[in-house]
Amino acid sequence: MPVASLAKVSVSPAAAGDFTARAPCIYGKRLVSNRVSFGKSRRRSCIGHCVRSELQTSRVVGSVTDLSLDDNSVENGHLPKGDSWAVHKFGGTCVGNSERLKDVADVVVKDDSERKLVVVSAMAKVTDMMYDLIHRAQSRDDSYLSALDAVLEKHRATALDLLDGDELAKFLSRLNEDINNLKAMLRAIYIAGHATESFSDFVVGHGELWSAQMLAAVVRKSGLDCTWMDARDVLVVIPTGSNQVDPDFVESEKRLEKWFSQNSTKIIVATGFIASTPQNIPTTLKRDGSDFSAAIMGALFRSHQLTIWTDVDGVYSADPRKVSEAVILKTLSYQEAWEMSYFGANVLHPRTIIPVMKYDIPIVIRNIFNLSAPGTMICRQIEDEDGYKLDAPVKGFATIDNLALVNVEGTGMAGVPGTASDIFSAVKEVGANVIMISQASSEHSVCFAVPEKEVKAVSEALNSRFRQALTGGRLSQIEVIPNCSILAAVGQKMASTPGVSATFFNALAKANINIRAIAQGCSEYNITVVIKREDCIRALRAVHSRFYLSRTTLAVGIIGPGLIGGTLLDQIKDQAAVLKEEFKIDLRVIGITGSSKMLLSESGIDLSRWRELMKEEGETANMEKFTQYVKGNHFIPNSVMVDCTADADIASCYYDWLLRGLHVVTPNKKANSGPLEQYLKIRDLQRKSYTHYFYEATVGAGLPIISTLRGLLETGDKILRIEGIFSGTLSYLFNNFVGTRSFSEVVSEAKQAGFTEPDPRDDLSGTDVARKVTILARESGLKLDLESLPVQSLVPKPLQACASAEEFMEKLPQFDEELSKQRQEAEAAGEVLRYVGVVDAVAKKGTVELKRYKKDHPFAQLSGADNIIAFTTKRYKEQPLIVRGPGAGAQVTAGGIFSDILRLAFYLGAPS
């Protein structure tokens, strides 16, 4: 193309002055003030010369003035650095339209930090529109002009909606000048049919310039002083190849001091994404570089925090589109966030973390559309002051799809220096990105993962490089395995937590996932596996949901060695050998504590003589010491506290135990039927932690009531009603309250037989049944309080204040008449009396009362002290699901507890 034709590219004199200021390296000198003092003819000459040079040589050859700081030009002002500054970064979605820009301005205004720096991206889709302009122009597609008009209209309409008066006029004037300059630039690209990286970076960076100016103007409308910053005046980066740049912090700090001396303000709105080279050539931080810009700014200002605003509530433990149970992580260490970013998690730009780590500046990921969400904080890992591990060893899981595995294999590789270097030199030559590398210690093979779109070039390069080795047999094959994905588990505490890798691979094995390759660095921040693409989501869900598995040796602490606890200890003793040999479960009771004495043994207590050891070697009971002993055992990785009491104070310890990593098994109803807040707190912690909380025996002793309910709910059934006889004592009383017998006579008989509590009022009050109803209601999803539950007490009001059980039993016959009358009426109607608890899930309520049932009803068929519970559900609507059996007694209750302990062992990895 004739060079003379380039002279036809015209730029208005006024625009040309601004043009040179925006693109100094290509168009002339650049000054921090963004004003150029060239005359009109000089401006035209400079533009024509530099465009001509760029098009002819595809490199910048125009004169460049070194932007060095002149001490005489800096005012006697100093940039205050440190905690007074807060840095915010808003992505394109956050500033996508005028309403969102207003929301962003509101966030900035309401931030009570003394000084604020705001980094903004271009409006949503604008960067794509700018790249499209370049593509159309270099393709010599005339539609680039209409596309540019669309860019103009988008920003003009937004400005008209946001601004007025002088602010509007100033912005529109600047916008029109920029558009005219872009027309000239795009015309030059159109003529040349080519755009260099410098030209492209100059064009695409305008979106940030416009959004920054508009946001600054909106903030000023609130009455605050706010100045916008063109980051190209401050940020200096050095291109390093591979489409990356490195910040020049020394030069950037000098330029920042210079800029601030001329623009001293407490609120700065800076452009993200764009910067300059040391030669003052406009450049960018490449795709998604605005996060990186904000991090660099945070480091330059030494800010107390960097908040990255996006459209999600924080960093998830896994991709929520693939794992619906994924949770928002409250904290991540820098290293964890770095690893998750690398492996494709939607966290932030991978290089964002580097600048802020040096100054321990925390990064907070927040949702601009959900300000109530606290987000995720990324910072240096901090231990809890009590030394408890509040964070799990694995923080999250990430995947990368569309990969291929390349395997270079051969006996001639072993012990031959330089083979790996030759392999990866060939890969580098074709510009492929190696995601993961794995090599066997035998050096027989090296495999690595690359993007699938690059594997053909990699394969050809390797076959070319190693043609002679393949022909000579030193290499047996260069194999390409397509359709692969990477799954990575990330967590900084993985290095200090034994068994994480075993748990990870065990979860994959149980999900029947085949692993193609494995990699783990010595830092142990991540475990990476290559699997089939088709298995990726299944594998991700498997490790996410089942990562609570561990070893099958359990350190057991028994609290309350009374009737129930003592029976449990005897059962464990009798079954211990069978559990070890047949089920590979080793239960070691290392602590037993009562209210006055406790017995501790690091290697395990001899359960054949625990009672006499308790008397001979027992020390003064101390619950904190006991807890620490069970938890602090270094030889057994898993510990469980088994609470066999009915003590509310012991139940109040559950949350702390779970927080410390202790599993809890209990028949104690006080925790799950106590204050709703306490119950929800424990359940929430249990779901989020790696500890288990089993309480089957709280409702049905040895009957599978809780597990049946959970099985129904987990398989998608809907609970309509739960009705049952939950008290073995009251079941016995009304099963025998027949004929001419008085109620007091039956109570006396039950007390003498040991079926009641020492004070029968504890059974007759209905409180025990009410607790069970409360537990079942809460397990069904109802938020019921024990205090609000209607309970029909069988203790006559005049006898509730009796000083002793003996006095109560003596006076009880005086009140037999009322219950005898109710029994006679029921019998006359062909019915029986039964004391029942009811959970009405439809009406969202519960009751405990004495009810009448037909003699052919299942509740009327009981005998002895059996319990019976009927589940009416969506599936079992016409014929309720019935669970019936002994619901009281030391043997069955201890058996229920023992079953929960074994269930815990199975959850932790024992073969089931």
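For every chain, the first residue of the written sequence is number 1, and numbering continues from 1 onward in sequence order. It should be noted that, the model being predicted, local features are given only for residues of pLDDT at least 70 and side-chain atom pairs only at 80 or more, the latter also being counted only at that level, while totals for whole chains, interfaces and linings use all residues. For side-chain calculations, the full set of non-hydrogen atoms in the structure is used, while hydrogens and water are omitted.

## Observations regarding the overall build of the protein
Turning to step 1, where the next piece is worked out: Runs of E in the DSSP output that reach at least two residues are strands. Runs of H or I that reach at least four are helices, and both are numbered from the N terminus. When its secondary structure is counted, the protein shows 34 helices and 30 strands.
Turning to step 2, where the next piece is worked out: Expressed as a percentage of the 912 residues in the protein, the buried residues total 54%.
Turning to step 3, where the next piece is worked out: Pairs of residues are marked as contacts when any of their non-hydrogen atoms sit within 4.5 Å. Taking the intrachain contacts of the protein between residues at least 6 apart in sequence as the baseline, contacts between residues at least 24 apart amount to 73%.
Turning to step 4, where the next piece is worked out: For the protein, the computed accessible surface area is about 39700 Å², with 49% contributed by carbon and sulfur atoms. Only protein chains enter the accessibility calculation, which uses a 1.4 Å probe; a residue is then buried when its area is under 20% of its type maximum, exposed when over 50%, and partly exposed in between. All accessibility values rest on the Shrake-Rupley procedure with a 1.4 Å probe; residue burial counts only the protein chains present in the view.

## Structural notes on the sheet that holds strand S15 (residues 445–451)
Turning to step 1, where the next piece is worked out: The strand order S14-S15-S13-S16-S18-S17 describes an open sheet built from six strands, whose pairing is antiparallel. Pairing within the sheet leaves two strands with one partner each, and these edge strands are strand S14 (436–439) and strand S17 (515–519). Taken over all neighbouring pairs, the strand axes of this sheet differ in orientation by 30° on average, direction set aside.
Turning to step 2, where the next piece is worked out: Together, strand S13 (396–409), S14 and S15 form the strand contacts of helix H14 (residues 419–429), whose direction differs from that of S15 by roughly 15°.
Turning to step 3, where the next piece is worked out: Structural elements are reduced to axes, namely lines fitted to C-alpha atoms, with helices fitted over the stretch in contact, and the angle between N-to-C directions of any two is expressed from 0 to 180 degrees. Here helix H15 (residues 455–465) sits on the sheet and contacts S13, S15 and strand S16 (477–490); the angle it forms with S13, its principal contact strand, is near 30°. Two strands pair under a simple rule: DSSP has to find at least two bridges between them.

## Brief notes about helix H9 (residues 206–221)
Turning to step 1, where the next piece is worked out: Compared with an ideal rise of 1.5 Å per residue, which puts 16 residues at 22 Å, H9 spans 23 Å between its outermost C-alpha atoms and is within 8% of the ideal.
Turning to step 2, where the next piece is worked out: Taking burial as the measure, the 16 residues of H9 include 14 buried ones, the bulk of the element.
Turning to step 3, where the next piece is worked out: Backbone geometry just after H9 places Gly223 at a positive phi near 95°. Multiplying 1.5 Å by the helix residue count minus one yields the expected span of that helix.

## Some details on the pairing of strand S27 (residues 831–840)
Turning to step 1, where the next piece is worked out: The buried fraction of S27 amounts to 10 of the 10 residues, a majority that puts the element mostly inside the structure.
Turning to step 2, where the next piece is worked out: Two elements, S27 and strand S28 (residues 845–854), share 10 bridges in a ladder whose sense is antiparallel. In the strand pairing of S28, Arg834 is matched with Lys851.

## Remarks on the pattern of salt bridges
Turning to step 1, where the next piece is worked out: A pair is scored as a salt bridge if a Lys or Arg side-chain nitrogen falls within 4 Å of a carboxyl oxygen belonging to Asp or Glu. Taken as a whole, this structure holds 45 salt bridges when the rule is applied.
Turning to step 2, where the next piece is worked out: Measuring nitrogen to oxygen at the nearest pair gives 2.7 Å for the salt bridge that ties Glu749 to Arg741.
Turning to step 3, where the next piece is worked out: Looking at Glu749, the relative accessible area reads 29%, which means it is partly exposed.
Turning to step 4, where the next piece is worked out: Bridged by salt links that share partners, the residues Arg721, Glu723, Asp840 and Lys851 form one connected network.

## A closer look at the sheet that holds S28
Picture the strands of a sheet paired through backbone hydrogen bonds; they go either parallel or antiparallel.
Turning to step 1, where the next piece is worked out: Overall, antiparallel pairing links the five strands, which are arranged S28-S27-S26-S29-S30 in an open sheet. Looking at which strands have only one partner, the edges of the open sheet turn out to be S28 and strand S30 (881–886). In this sheet, neighbouring strand axes are inclined to one another by 20° on average, regardless of whether the strands run parallel or antiparallel.
Turning to step 2, where the next piece is worked out: Alignment of strand S29 (residues 866–873) against S30, held across six bridges, turns out to be antiparallel. Bridge pairing in S30 links Ile869 to Val883.
Turning to step 3, where the next piece is worked out: In the packing of helix H33 (residues 816–828) onto the sheet, the strands contacted are S27 and S28, and the crossing angle to S27 comes to about 100°.

## So, the packing of aromatic side chains
Turning to step 1, where the next piece is worked out: Any two of the Phe, Tyr and Trp rings considered here, Trp counted by its six-membered ring, make a pair once their centres fall within 6.5 Å; the pair's planes then place it as stacked at under 30 degrees, edge-to-face at over 60, or tilted in between. Counted by the stated rule, this structure contains 14 aromatic pairs.
Turning to step 2, where the next piece is worked out: An aromatic cluster of at least three residues, connected via ring pairs, comprises Tyr654, Trp657, Tyr693 and Tyr695.
Turning to step 3, where the next piece is worked out: The criterion for a charge sitting over a ring is simple: Lys NZ or Arg CZ within 6 Å of the ring centre, and within 35 degrees of the ring normal. For Lys681, the ring lying beneath its charged end belongs to Tyr655, and the centroid distance is 4.2 Å.

## Notes on the nonpolar core
Turning to step 1, where the next piece is worked out: Counting 99 residues, the largest nonpolar core has Phe90 and Met297 as the members making the most contacts within it.
Turning to step 2, where the next piece is worked out: With 10 residues, helix H7 (residues 165–192) is the single largest residue contributor to this core.
Turning to step 3, where the next piece is worked out: Not counting the four nearest positions on each side in its chain, Met297 is found in contact with Leu117, Val119, Met229, Ala231, Leu235 and Ala270. Take the buried Ala, Val, Leu, Ile, Met, Phe, Trp, Tyr and Cys residues and link them wherever side-chain atoms come within 4.5 Å; each set so joined is a nonpolar core.

## With respect to the side chain of Asn672
Turning to step 1, where the next piece is worked out: Within the secondary structure layout, Asn672 lies in helix H24 (residues 670–673).
Turning to step 2, where the next piece is worked out: Apart from the residues within four sequence positions on either side, Asn672 is in contact with Tyr679, Tyr693, Tyr695, Ile775 and Arg778.

## Observations concerning the confidence of the model for the protein
Turning to step 1, where the next piece is worked out: What pLDDT reports is the predictor's confidence in each residue, on a scale of 0 through 100. Residues with a pLDDT of 70 or more make up 86% of the protein, whose mean pLDDT is 85.
Turning to step 2, where the next piece is worked out: Below a pLDDT of 50 lies the segment residues 1–76, which in the model reaches 128 contacts outside its immediate sequence neighbourhood of four places, other chains included.
Turning to step 3, where the next piece is worked out: Residue range residues 384–390 is modelled with pLDDT below 50. Its contacts to residues more than four positions away, or to other chains, number nine contacts.

## A short note on the side chain of Gln213
Turning to step 1, where the next piece is worked out: With respect to the helices and strands, the residue Gln213 is situated in helix H9.
Turning to step 2, where the next piece is worked out: Overall, Gln213 belongs to the buried group, its relative accessible area being 9%.
Turning to step 3, where the next piece is worked out: Not counting residues within four places of it along the chain, the set of residues in contact with Gln213 comprises Phe171, Arg174 and Trp228.

## Here's the deal with the pairing of strand S1 (residues 85–90)
For a regular strand, side chains alternate in direction, first toward one face of the sheet and then toward the other.
Turning to step 1, where the next piece is worked out: Buried residues dominate S1, accounting for six of its six residues.
Turning to step 2, where the next piece is worked out: Taking every second residue as pointing to the same face, both faces of S1 are buried, with Trp85, Val87 and Lys89 on one and Ala86, His88 and Phe90 on the other.
Turning to step 3, where the next piece is worked out: The pairing of S1 with strand S2 (residues 115–120) spans six bridges and is parallel. Following the sheet pairing, Ala86 is matched in S2 by Lys116.
Turning to step 4, where the next piece is worked out: At this point the chain moves from S1, through helix H4 (residues 98–110), to the parallel S2, and the crossover so formed is right-handed.
Turning to step 5, where the next piece is worked out: Two strands pair when backbone bridges link them, and S1 and strand S9 (residues 305–310) are joined in this way by five bridges, in the parallel orientation. When the sheet's bridge partners are listed, Lys89 is paired in S9 with Ile308. For crossovers, right-handed means that the path from the first strand over the helix to the second runs clockwise, given strands pointing away from the viewer.

## Regarding helix H29 (residues 743–752)
Turning to step 1, where the next piece is worked out: Residues of H29 that are buried include every one of Phe743, Ser744, Val746, Val747 and Ala750, and no others. The arc enclosing the buried residues of H29, seen along the axis, measures out at 160°, which places them on a common side.
Turning to step 2, where the next piece is worked out: The elements touched by buried residues of H29 are helix H28 (728–736), helix H30 (761–764), helix H32 (805–811) and H33.
Turning to step 3, where the next piece is worked out: Looking at the residues trailing H29, positive phi occurs at Gly754, about 80°. What the arc describes is the spread of directions from the helix axis to the C-beta atoms.

## A look at the packing of helix H27 (residues 705–714) against helix H31 (residues 767–779)
Turning to step 1, where the next piece is worked out: Direction vectors running N to C along H27 and H31 enclose 20°, while the axes themselves pass 10 Å from each other. One finds that H27 runs roughly parallel with respect to H31. For H27 against H31, the interelement crossing comes out right-handed. Together, Ile705, Ile706, Leu709, Arg710 and Leu713 of H27 and Ile775, Leu776 and Glu779 of H31 make up the contact between the two elements.
Turning to step 2, where the next piece is worked out: Here the contact of H27 with H31 is built from residues that sort into six nonpolar, no polar and two charged. Angular relationships are summarised with four words: roughly parallel below 35 degrees, roughly antiparallel beyond 145, roughly perpendicular across 65 to 115, and oblique for the angles in between. In this scheme, a crossing is called left-handed if the near helix is turned counterclockwise away from the far one by less than a right angle; it is called right-handed if the turn is clockwise. For this scheme, ten residues count as nonpolar: Ala, Val, Leu, Ile, Met, Phe, Trp, Tyr, Cys and Pro. Four count as charged, namely Asp, Glu, Lys and Arg, and the remainder, Gly too, count as polar.

## Some points on the environment of Ile435
Turning to step 1, where the next piece is worked out: By the element assignment, Ile435 lies in the loop between H14 and S14.
Turning to step 2, where the next piece is worked out: Under the relative-accessibility criterion, Ile435 is labelled buried at 13%.
Turning to step 3, where the next piece is worked out: Considered as a pair, Ile435 and Tyr342 are 93 residues apart in the sequence and their alpha carbons are 8.9 Å apart.
Turning to step 4, where the next piece is worked out: When near neighbours in sequence (up to four residues on either side) are disregarded, Ile435 contacts Tyr342, Ile400, Leu403, Ala449, Val450, Pro451 and Ile486.

## Topic: unusual backbone geometry
Turning to step 1, where the next piece is worked out: A positive phi is found at Arg302, a non-glycine position, where the angle reads about 55°.
Turning to step 2, where the next piece is worked out: Structurally, Arg302 is set in the loop between helix H11 (290–301) and S9.
Turning to step 3, where the next piece is worked out: Positive phi is not limited to glycine here, since Asp360 has a value of about 50°.
Turning to step 4, where the next piece is worked out: Note on placement: Asp360 falls in the loop between helix H13 (353–357) and strand S11 (363–367).

## Focus: the environment of Thr872
Turning to step 1, where the next piece is worked out: As for its position among the elements, Thr872 is in strand S29.
Turning to step 2, where the next piece is worked out: Contacts of Thr872, omitting those with residues within four sequence positions, involve Ile719, Leu720, Arg721, Lys877 and Pro880.

## Section: the state of the cysteines
Turning to step 1, where the next piece is worked out: Working definition: a disulfide is two cysteine sulfur atoms within 2.5 Å of each other. This structure, assessed with the given rule, holds zero disulfides.
Turning to step 2, where the next piece is worked out: Residue Cys447 stays outside any disulfide, its sulfur separated by 9.7 Å from that of Cys484, the closest cysteine.

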